[in-house]
Amino acid sequence: MSDPSIKSHIDNNVSGSAPPKPAAIQVICLGSGGGPSEDNVSGFLVRSAASGWIRGSMLAMDAGSHMAAITRILEQHLPAISRGDTRADSDGNLFHQQALSPQRPLDSSPPSSPGIRPSIPTLEPVVLDSGPFAGVPLPHASARANAAHIVRSHVATYLISHPHLDHLSGFAINTAAFHATSRPKTLAALPFTVEAIKRHIFNDVIWPNLTDEDGGVGFVTFQRLKEGGDVMVGEGEGRGYIEVCEGLGAKGFKISHGKCMRPGTAESHRGSIGNLSDVPANYSTTPRHTDGRHHSLGHGHLPGTPGSFQSPSVAQTSHPFQQDPGFAAVDSTAYFIRDTATSRELLMFGDVEPDSISVAPRLARVWAEAAHKIAAGILNGIFIECSYPDSQADAILFGHLAPRHLVAELQVLADMVREEKVIRASEKAMRKRKRAANGGLAAISQDDFIDKKRSRSLAGRSAINQFRRSSVPDDMIQNSPTPQQPPSSAPMQDIDQMHQEYLKNRNLNIATNFGGASRDSSISSINAGVDAAHLLPSSVYSDPPLKGVRVLVMHVKDTMKDGPHVGELILQQLNEHAAGMAQRGMRLGCEFVITESGKDYWF
Ligand SMILES: Nc1ncnc2c1ncn2[C@@H]1O[C@@H]2COP(=O)(O)O[C@H]2[C@H]1O
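Just so we're clear, the structure is a prediction, and the values are computed from it rather than from any experiment. (Residues numbered from 1 in each chain as written. Predicted model: local features only at pLDDT ≥ 70, side-chain atom pairs only at ≥ 80, totals over all residues. Heavy atoms only, no water.)

1. Some words on the pattern of salt bridges
Summed over all chains, the structure comprises 16 salt bridges. For the salt bridge of Arg224 with Glu195, the shortest nitrogen-to-oxygen distance reads 2.8 Å. Taken together, the residues span a long stretch of sequence, with Arg224 in strand E8 (residues 220–224) and Glu195 in helix H6 (residues 191–200) at a distance of 29 residues. Across the salt bridge formed by Glu213 and Arg224, the nearest N and O atoms sit 3.0 Å from each other. Highlighted residues: Glu213 in the loop between H6 and E8 and Arg224 in strand E8, separated in sequence by 11 residues. For the pair shown, Glu213 and Arg224 are each scored as buried. By sharing partners, the salt bridges in this structure join Glu195, Lys198, Glu213, Asp214 and Arg224 into a single network. (Salt bridge = Lys/Arg side-chain N within 4 Å of Asp/Glu carboxyl O. Helix = DSSP H or I, 4+ residues; strand = E, 2+ residues; numbered from the N terminus. Buried < 20%, exposed > 50% of the residue type's maximum accessible area, 1.4 Å probe, protein only.)

And the structure:
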């Protein structure tokens, strides 16, 4: 089905001089807040523009706010209802047929013949021409009936970041309407989330067991995702992505959302153990879990199961929280969501705290994965929380970010992107020189060599960046390496040699997990890349690393006080931090946007 709405949405955020690409992914914000008001808590709809509005083409990323928010949006954009010249009353009963909006086609059947009982007019689907749901055929009269239709017909999967209520409550309550769906809804998540929801929500105590496990009625089925993706699925850049709805794949990484009592010390929501990482450094190609499909209550992977890979970064951190052995991290998830048609991606976070104060710092792994995608031009949207303004002290962040932390984390990402861009540019330069030198013949084998060797694990560089971090931007900001002007023509063997060294070091890191990689080998891996960069045009450095990336801020916690919404202050603080860094020669280049319920965002 063609989608008229996509034509008018152009992605203006693609860096460089390339012509803007048509938008590939739409994200509709249903809930942008982090509480305490229950009407606006985390919930988004994601869809591939290429899939149009076919059944099963929408993914709900978290669902604290869900059906009620869709109803609200439709009320705003369905003129036949919002203007009052409606054919539906508040209960959805038809009346005022003659006053329909031109957008809503009337029953076009001829007037009834005398003696024939007038038929009840049949409503034809209406297609909205404005708002986030522009283009979706709506078969009902009232906003709320159409909202239920969208949920039943179009939303296939609920991708949940963690089992906290503000990310789940809408979904749980809406499941009572799933009896009218033709197939079960899928709840997709990492196993720790699935098991928690199964055990603590659909347990016939808090909520009826409407799932298809343990004798439930079958409205909901669970899709247990493998952390870091499933290597058995997909190929090339799409390897590891599991299809979660029509046209979209997902890959999830565990992240940390505060701390709780260490399992065994008290009744607690169990999380990961500090100092232990669940995923090997070569997470892209070696997911930890080999079978995520058959967990059930009482066994399998529970939240809190420690991993077996020790992060070198933790030993280097000094924040008092990280030294407390009585606490474990609360788990959450960051998902990369990939549009199958265009290979473009989004990064959407659940609640998350900065690595600098975490008992289990795991954000750098996600940044490493993201850096490669940003450098490759396939990722330009990051949905991430910033729950509090900077006035919130570290001790009362409860597993969340404040502007100072978000900007510090983005600086880590920016460093990685810069390195990745250098590597890409140097590889490109080498291929070009090889081609020129060998008349194009050797270029083929060299290109093949690079492509085969090229792995996307950036673990070594992640480790290095973690050595640099602290909790406030001023502390973590390093002097930007002054780009050296490249010699006008570098000897080809120098570049070749550096690349061989670089590839050797990178492969060493790929073959060695986080715990095993020595700091020296990580550093030499970076140095090899940076050395190669000295031979490259300075233009590699001239653009800020995150140019073209939009950082969409969510989960802002309303203060429930008079005056401007705290989101305005958070945006101001983010921009001030970024401006301060730019003054010191550390431009990030990204744009900050505070997400709002009822708005949609295109990528
Ligand atoms: N120790 C605590 N004291 C007060 N409030 C808390 C504490 N821990 C968590 N919270 C609040 O509970 C909320 C649960 O959802 P969030 O993680 O979004 O944000 C959390 C805080 O707002």
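2. Some thoughts on helix H8 (residues 363–375)
Helix length check: H8, at 13 residues, gives a terminal C-alpha distance of 18 Å against a target of 18 Å (1.5 Å per residue), a fit within 8%. For H8, the buried fraction is high: 13 of the 13 residues fall into the buried class. Just past H8, the residue Gly377 takes up positive phi, approximately 80°. (Expected span 1.5 Å × (residues − 1).)

3. Structural notes on the domain arrangement of the chain
Taken as a whole, the chain is organised into domain 1 (4–13 + 22–80 + 125–189 + 191–224) and domain 2 (238–592). Counting from both sides, the interface comprises 47 residues of domain 1 and, opposite them, 47 residues of domain 2. At the boundary of domain 1 and domain 2, one finds zero salt bridges. At the boundary of domain 1 and domain 2, one finds 16 residue pairs in polar contact (both at pLDDT 80 or more). Residue assignment for the side of domain 1 that touches domain 2 shows that the elements contributing at least two residues are strand E1 (25–34), strand E2 (41–48), strand E3 (58–63), strand E6 (155–159), strand E7 (185–189), H6 and E8. No other element matches the six residues that H6 contributes to the side of domain 1 that touches domain 2. (Domains from an automatic or database assignment. Contact = heavy atoms within 4.5 Å. Polar contact = N/O pair within 3.5 Å; in protein donor to acceptor, adjacent residues only side chain to side chain.)

4. A closer look at the nonpolar core
Within the largest apolar cluster, 111 residues are counted, with the highest numbers of intra-cluster contacts made by Phe133, Phe349 and Trp367. Counting residues domain by domain, this core receives three or more from each of domain 1 (4–13 + 22–80 + 125–189 + 191–224) and domain 2 (238–592). Excluding anything up to four places from it in sequence, Phe349 contacts Met61, Ile255, Thr333, Ala334, Leu363, Val366, Trp367, Ile382, Phe383, Ile384 and Met554. (Core = buried A, V, L, I, M, F, W, Y, C linked by side-chain atoms within 4.5 Å.)

5. Things to note about unusual backbone geometry
Pro36 follows Gly35 through a cis peptide bond whose omega is 0°. With respect to the secondary-structure elements, Pro36 resides in the loop between E1 and E2. Unlike most non-glycine residues, Asp214 shows phi in positive territory, near 55°. For Asp214, the position within the fold is in the loop between H6 and E8. According to the relative accessible area criterion, Asp214 is exposed, its value standing at 55%. Even without a glycine there, the phi angle at Phe398 is positive, about 55°. Relative to the assigned elements, Phe398 resides in the loop between strand E16 (379–385) and helix H9 (403–437).

6. Digging into the site of the ligand
Taken together, Asp166, His257, Asp351, Tyr388, Phe398, His400, His555 and Lys557 make up the full set of residues adjacent to the ligand. Burial of the ligand by the protein chains amounts to 47% of its free accessible area of 460 Å². (Near = heavy atom within 4 Å. Areas by Shrake-Rupley, 256 points an atom, 1.4 Å probe, with all protein chains shown as cover.)

7. Notes on the packing of H9 against helix H16 (residues 566–583)
Packing of H9 against H16 leaves a shortest axis separation of 9 Å and a crossing angle of 45°. When the axes of H9 and H16 are compared, the pair comes out oblique. Viewed along their axes, H9 and H16 form a crossing whose handedness is right-handed. Across from Pro403, Arg404, Leu406, Val407 and Gln411 in H9, the residues of H16 making contact are Ile570, Gln573, Leu574, His577 and Met581. (Axes fitted to C-alpha atoms, helices over the stretch in contact; angles between N-to-C directions. Parallel < 35°, antiparallel > 145°, perpendicular 65-115°, else oblique. Left-handed = near helix turned anticlockwise from the far one by under 90°.)

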